Amino acid sequence: METVANAFLEPRRELPTGVVTFLFTDIEGSTVRWERDPVAMQRALREHDEIMRDAIASTGGVVFKTVGDAFYAVFQTADAAVESAIASQRRLAETDFEHVDGLRVRMALHTGTADERDGDYFGQALNRVARLLSTGHGGQILLSHASAQLARERLPGDVSLADLGEHRLKDLTAPEHVFGLVAPGLESEFPKLKSLSILDNNLPQQLTSLIGRDCDVRAVKDLTKAWSLVTVIGAGGLGKTRVALQAGAEMLDAYPDGVWFVDLAPMKDPALLANTIGAVFELQESGSRPMLESLVAFLKPKKMLLILDNCEHVIGEASTVAAGILRACDGVKMIATSREHLNVAGEATFRLPSLSMPSAEAAVALGVDAALEYGAVDLFVTRARAANARFAFTADIVAVVAEIVRRLDGIPLAIELAAARVRVLAPKQLAEKLNERFRVLTGGDRTALPRQQTMRAAIDWSYDLLTPDEQRVFRMLSVFAGSFAIDTPAAVGADETLDELDIFAIVASLADKSLVNAEHGDEDIRYRLLESTRQYGAEKLVEAGEGEAVAARYAEAYAAIAESIVDDYDTAVHRTWFARVEAEIENVRAAVTWAFSSDGDPALSLRLAATLHRTMVFNVREAQRWVASAHERRDDGVESSLAGRLELAQAFLNNASNQFVAVHKHASRAIPHFDESGHTRAKADAQRLAGRALVYLGRVEEGESLLETALAAHRKLGSRGTGAALRDLALARAAAGDLERARSLLSESLRDFEHREDLANVAQTVGTLAGIEFQAGNTAAALRSAEQALDVLRKLKRRLSIAWILHEMATFSIASGAFDDANARARESLAMARELPSPVFVAHALRQLATIAAMRPAGDDAARADDLARSAHVFGFVDMRLVELETTLEPVEQNQMDAARTRLTGALGDALLRQYESEGSHFTEERAIATALALRP
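The structure presented is a predicted model; accordingly, all values stated were derived computationally and were not measured.

## So, the overall build of the protein
Line of reasoning, step 1. A tally of helices and strands in the protein yields 42 helices and 17 strands.
Line of reasoning, step 2. Seen through its C-alpha atoms, the protein measures out along the principal axes to roughly 100 × 80 × 55 Å.
Line of reasoning, step 3. Of all 937 residues assigned to the protein, the portion counted as buried reaches 55%.
Line of reasoning, step 4. Within the protein, contacts between residues separated by at least 24 positions form 72% of all contacts whose residues are at least 6 apart in sequence.
Line of reasoning, step 5. Carbon and sulfur atoms make up 50% of the accessible area of the protein, which amounts to about 40,000 Å² in all.
Line of reasoning, step 6. Side-chain charges in the protein split into 103 positive and 133 negative, and the spacing between the mean points of these groups amounts to 1 Å.

## A closer look at the environment of aspartate 752
Line of reasoning, step 1. As for its placement among the helices and strands, aspartate 752 is situated in helix α33 (residues 739-755).
Line of reasoning, step 2. Distance from aspartate 752 to alanine 724, taken between C-alpha atoms, is 9.2 Å for residues 28 residues apart in sequence.
Line of reasoning, step 3. In this structure, aspartate 752 is in contact with Arg720, Thr722 and Gly723, ignoring residues within four places of it in sequence.
Line of reasoning, step 4. A distance of 3.4 Å separates a polar side-chain atom of aspartate 752 from the backbone nitrogen of glycine 723.

## Some words on the sheet that holds strand β15 (residues 484-485)
Line of reasoning, step 1. The strand order across the open sheet built from three strands is β15-β17-β16, with neighbouring strands paired in antiparallel fashion. The two strands at the open ends of the sheet, each matched to only one other strand, are β15 and β16 (517-520).
Line of reasoning, step 2. Where β15 meets strand β17 (residues 525-528), two bridges bridge the pair, whose relative direction is antiparallel. Paired with alanine 485 across the bridge in β17 is arginine 526.

## A look at the packing of aromatic side chains
Line of reasoning, step 1. In this structure the tally under the stated criterion is 22 aromatic pairs.
Line of reasoning, step 2. Seen in terms of ring centroids, phenylalanine 22 and tyrosine 121 are 5.1 Å apart; in terms of plane orientation they differ by 80°. Their pairing is edge-to-face. Placement of the pair is phenylalanine 22 in strand β1 (residues 19-27) and tyrosine 121 in strand β6 (residues 120-122), with a sequence separation of 99 residues. Here phenylalanine 22 and tyrosine 121 have matching classes, each one buried.
Line of reasoning, step 3. With centroids separated by 5.7 Å and ring planes inclined at 70°, the aromatic side chains of tyrosine 463 and tyrosine 536 adopt a geometry described as edge-to-face. A residue pair is termed long-range when its members are at least 10 positions apart, and tyrosine 463 in helix α18 (residues 455-464) and tyrosine 536 in helix α22 (residues 531-543) qualify at 73 residues. Tyrosine 536 matches tyrosine 463 in its accessibility class, with the two residues each being buried.

## A closer look at the pattern of salt bridges
A pair can form between side chains of opposite charge whenever their charged atoms are brought close.
Line of reasoning, step 1. By the definition in use, this model includes 56 salt bridges.
Line of reasoning, step 2. Among the salt bridges present, the one from arginine 607 reaches glutamate 563, with a minimum N-O distance of 2.9 Å. With arginine 607 in helix α25 (residues 602-609) and glutamate 563 in helix α23 (residues 547-568), the pair connects residues that are 44 residues apart, well separated along the chain.
Line of reasoning, step 3. Where salt bridges share partners, they join Glu28, Arg104 and Glu187 into one cluster.

## A look at unusual backbone geometry
Line of reasoning, step 1. The omega angle of the peptide bond from leucine 836 to proline 837 is -10°, so this bond is cis rather than trans.
Line of reasoning, step 2. Relative to the helices and strands, proline 837 is located in the loop between α37 (819-835) and α38 (839-855).
Line of reasoning, step 3. In this structure, leucine 172 takes a positive phi of about 70° despite not being glycine.
Line of reasoning, step 4. Within the fold, leucine 172 resides in the loop between β8 (160-167) and β9 (176-182).
Line of reasoning, step 5. A relative accessible area of 0% places leucine 172 in the buried class.
Line of reasoning, step 6. Within the chain, glutamate 757 stands out as a residue other than glycine whose phi angle is a positive 55°.
Line of reasoning, step 7. For glutamate 757, the location among the structural elements is in the loop between α33 and α34 (759-775).

## Thoughts on the side chain of arginine 856
Line of reasoning, step 1. Tracing the chain through its elements places arginine 856 in the loop between α38 and α39 (862-884).
Line of reasoning, step 2. Taking the relative accessible area as the measure of exposure, arginine 856 reaches 18% and is therefore buried.
Line of reasoning, step 3. Within polar-contact distance, the side chain of arginine 856 engages the side chain of aspartate 820 at 3.2 Å.
Line of reasoning, step 4. In contact with arginine 856, other than residues within four places in its own chain, are Phe819, Asp820, Asn823, Arg864, Arg903, Arg936 and Pro937.

## Here's the deal with the state of the cysteines
Line of reasoning, step 1. This structure, assessed with the given rule, holds zero disulfides.
Line of reasoning, step 2. Here cysteine 311 stays free of any disulfide, with the sulfur of cysteine 329 as its closest cysteine sulfur at 17 Å.
Line of reasoning, step 3. For cysteine 311, a relative accessible area of 0% translates into the label buried.

## Some details on α18
Line of reasoning, step 1. Most of α18 sits inside the fold, with seven of its ten residues counted as buried.
Line of reasoning, step 2. Taken as a whole, α18 has its buried residues at Met455, Ala457, Ala458, Ile459, Trp461, Ser462 and Tyr463.

## Considerations on the packing of helix α36 (residues 799-815) against helix α40 (residues 891-908)
Line of reasoning, step 1. Contact pair α36 / α40: the axes reach a minimum separation of 11 Å and the direction vectors enclose 50°. In terms of axis orientation, α36 runs oblique to α40. Between α36 and α40 the crossing geometry is left-handed. Every residue of α40 that contacts α36 at His807, Glu808, Thr811, Ile814 and Ala815 is listed here: Val892, Glu893 and Gln896.
Line of reasoning, step 2. When its residues are assigned to classes, the contact of α36 with α40 shows three nonpolar, three polar and two charged.

## Description of the sheet that holds β9
Line of reasoning, step 1. Ordered by their spatial adjacency, seven strands build an open sheet running β2-β3-β1-β4-β7-β9-β8, and the pairing between neighbours is mixed. In this open sheet, the two edge strands, each paired with only one partner strand, are β2 (62-67) and β8. With strand direction ignored, the average angle separating the axes of adjacent strands in the sheet is 25°.
Line of reasoning, step 2. Taken together, the five bridges between β1 and strand β3 (residues 70-75) define a ladder with antiparallel strand orientation. Bridge pairing in β3 links threonine 21 to phenylalanine 75.
Line of reasoning, step 3. Along the sheet, helix α2 (residues 38-58) contacts β1, β2, β3 and β4 (105-113); its crossing angle with β3, the most-contacted strand, is approximately 5°.
Line of reasoning, step 4. Docked against the sheet, helix α4 (residues 124-134) engages β1, β2, β4, β7 (141-143) and β9, running at close to 155° with respect to β4.

## Description of the confidence of the model for the protein
Line of reasoning, step 1. Residues of the protein with pLDDT of at least 70 account for 96%, and the chain-wide mean is 90.
Line of reasoning, step 2. At the low end of the mean pLDDT range in the protein sits helix α17 (residues 437-440), at 67; at the high end sits β7, at 97.
Line of reasoning, step 3. Long-range and interchain partners of residues 1-11, a stretch whose pLDDT sits below 50, account for 17 contacts in this model, where long-range means more than four residues apart.
Line of reasoning, step 4. For residues 446-453, every residue scores under 50 in pLDDT, and the model assigns this stretch 17 contacts once sequence neighbours within four places are set aside.

## A look at the environment of arginine 692
Line of reasoning, step 1. As for its placement among the helices and strands, arginine 692 is situated in helix α30 (residues 680-696).
Line of reasoning, step 2. The exposure class assigned to arginine 692 is buried, which follows from its relative accessible area of 14%.
Line of reasoning, step 3. Between the alpha carbons of arginine 692 and leucine 706 there is a distance of 8.4 Å; along the sequence they are 14 residues apart.
Line of reasoning, step 4. Residues in contact with arginine 692, not counting those within four places in the same chain, are Asn655, Phe660, Leu707, Asp728 and Leu731.

## Quick look at the environment of alanine 583
Line of reasoning, step 1. Note that alanine 583 resides in helix α24 (residues 574-596).
Line of reasoning, step 2. Excluding anything up to four places from it in sequence, alanine 583 contacts Ser483 and Arg526.

## A closer look at helix α19 (residues 468-477)
Line of reasoning, step 1. Taking burial as the measure, the ten residues of α19 include seven buried ones, the bulk of the element.
Line of reasoning, step 2. Restricting attention to buried positions, one finds in α19 the residues Glu470, Gln471, Val473, Phe474, Arg475, Met476 and Leu477.
Line of reasoning, step 3. Looking at the buried side of α19, the elements it contacts are α18, β15, α20 (488-493), α21 (500-512), α22 and α23.

Scoring rules and cut-offs
Residues numbered from 1 in each chain as written. Predicted model: local features only at pLDDT ≥ 70, side-chain atom pairs only at ≥ 80, totals over all residues. Heavy atoms only, no water. Helix = DSSP H or I, 4+ residues; strand = E, 2+ residues; numbered from the N terminus. Buried < 20%, exposed > 50% of the residue type's maximum accessible area, 1.4 Å probe, protein only. Contact = heavy atoms within 4.5 Å. Areas by Shrake-Rupley, 256 points an atom, 1.4 Å probe, with all protein chains shown as cover. Lys, Arg positive; Asp, Glu negative; His and termini not counted. Charge placed at Lys NZ, Arg CZ, Asp CG, Glu CD. Polar contact = N/O pair within 3.5 Å; in protein donor to acceptor, adjacent residues only side chain to side chain. Pairing = 2+ DSSP bridges. Phe/Tyr/Trp six-rings, centres within 6.5 Å; stacked < 30°, edge-to-face > 60°. Salt bridge = Lys/Arg side-chain N within 4 Å of Asp/Glu carboxyl O. Disulfide = S-S within 2.5 Å. Axes fitted to C-alpha atoms, helices over the stretch in contact; angles between N-to-C directions. Parallel < 35°, antiparallel > 145°, perpendicular 65-115°, else oblique. Left-handed = near helix turned anticlockwise from the far one by under 90°. Nonpolar A, V, L, I, M, F, W, Y, C, P; charged D, E, K, R; others polar. pLDDT = per-residue confidence, 0-100.

Pasting the structure below:
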């Protein structure tokens, strides 16, 4: 029975903290009883549960969890836990359970500290008591050394402790000195404990606990029940061996002939693999019989589990031997660990993932307890505390630790090596030094294999096993900054010695060998190197003298990919197109960075810059910097088509920031270039942007004329620009006061975008409709439409558009006097704009916050006077900033700002207002933000 049953009707008592004693219990052989007579067992379980609850509650304990027939209880003292265990065992012994052939309950106690979170406990103490329980028998009460020491002095006179000796538990760490409780009315004779010390095995003791792998161990166990061979695969340092060992330890009871571990790492000669396995069982090689035959003959009658560790360097022989054993030995199962699968009949593979890690966004808001639920964080903190007793995991370093484990890809070996450095480095210093990770991630356990003592050695092991061609392609792949499609490496590395199919096959082979990670998406598979592996490959690339040539081919390949992304914008399904942009952004950024560097390619830098309005659609500010740099380096010899595309890219990026003077300038410059080169769609885009800018600049008739021309061209082409041109024409009609025609055009725009399944533009069009309704005086309808648009944009995570719609909603709320709503929306818009960053939307949000403070009902207190002064300072900064950014306010925004200024003039006087505004015009953006945020909400 695996269902969690925490169904207690009585109120839960407060859980004790600090040093506590845990009592775990379960029913021996309950599964068989349930299968034989579920009705009778259900009745017996109700009686059992009542006895356990009463005994635990009457002695001051608290049941914090039940799982099937298992009870997990906690006590403030060890003697209370002992009293509860004795009382419950006595009552269970007195109760008639004949209808289920008796009911025998085993119990275990352990004392220690644990983290209490949300009504549950977490930590090594819980694992320890669970492992101790698994060694016992029905009717038995076991105590760990810690519990025995605390309980011994307060035991009743007729109760004693039987010393059962030291036993290795199934967590594979330090042995536990186990004691059995002896009391009148309880059984006193039991079989030997089912510990690693008693059951047949040679599983090596581990010096540290296994953290963050419970789900993975469970998955390996489940696969082992269903398959003859389970191969745990993954990159070096992920902890494949530990997971396999723990899975084996937990399955000892299922194998009468034991669980046996064979370490193949030291092997030099693959031909001796069968001998290495045979040596575990003290088999001697016979001159008349191959060792594999002797081994198979020995194993054939056995029911056991073999763990073959580190198969990758002897993969061929490991496959042969494993297949030979499994074909002949029905009772033998195997777990193998390797960096690639064995490719044997009856094999299941389990790719061991990295430890769980919080994303950068999630880490910002995480508390200490929530952060420790991520395996990577828990491992780092546990090992850091072991390395430095003064290390404290506090809220102010959660984000730093999350960054460390994220940059280490959640690889346990890397995390353990990094955590050891807290002896000499604070977490922030450690994070800063991870760019030199192969010098930092050293100094591991001196007793471990050399490849487990440094991160470099772990990757050396895999690299040295590759063929020369595999090494070459691996080095080449290190140039990729993000994930890549399977066919892209051929564009970078194919030559007269390795063609496209060769590289395709080698990338697949590297993925099989766990040096490349395959990421399965909804529609395709992409590949990626873990960051530590990528940095290692980059070093090898430089050592081989291939760095510059590969970087040049990589940038050329991504220039072509970026251009295809631009070309596909009008025809691709928008969701698919955006997914491709998100997938390629890191590679495009790396290609741009190299092309603009001193060693780069000036011509290539211009080609790449001309794509950034599409390929960096989520990073507008960054794209603007690169395109501005491209304009500075272009000369009169640049091809007309490329010159036009650069101007168009600049216009699109300025449009995203509402910099309409710049939009008109660059779009107008682009048009003649496209006339010359015959790029009809690009010309229509430029005409639309120029027309849209003119509408916002108050030149409505001129703008509308250009927009009509652009619409006709886009309609003829059947391109996505059709919906955008219709939307912009709606804005022109609204500016001219023709709101009915504006609504009609927006409806047509919506239909076009809905037909293309372009949800982002659907949301933007609905947001534009909100503005039209507001202009018509329908503020409530405007807010409803804006909320609908905001909901879609949040789901799509379109941050710039979210900042825009929040800004619009704040404007609507100011107009209706809902200053609290306006303030909340303006502050959220400001936070979003700062994160992007978007200086234009930062300025707009600051203006709104100052407007709200000035427009609120007046008061006489000093705080009100401070707010008025701050508002004036912010207005001075905003005036300066809007001029600097060459952007303008919409009429309603200008009217609100003018009304706020009138209030300020009345309260401060004209001279003081001008003084404050003059002072504010010299503020930095950060000072202006701090001033605005200091305004009372």
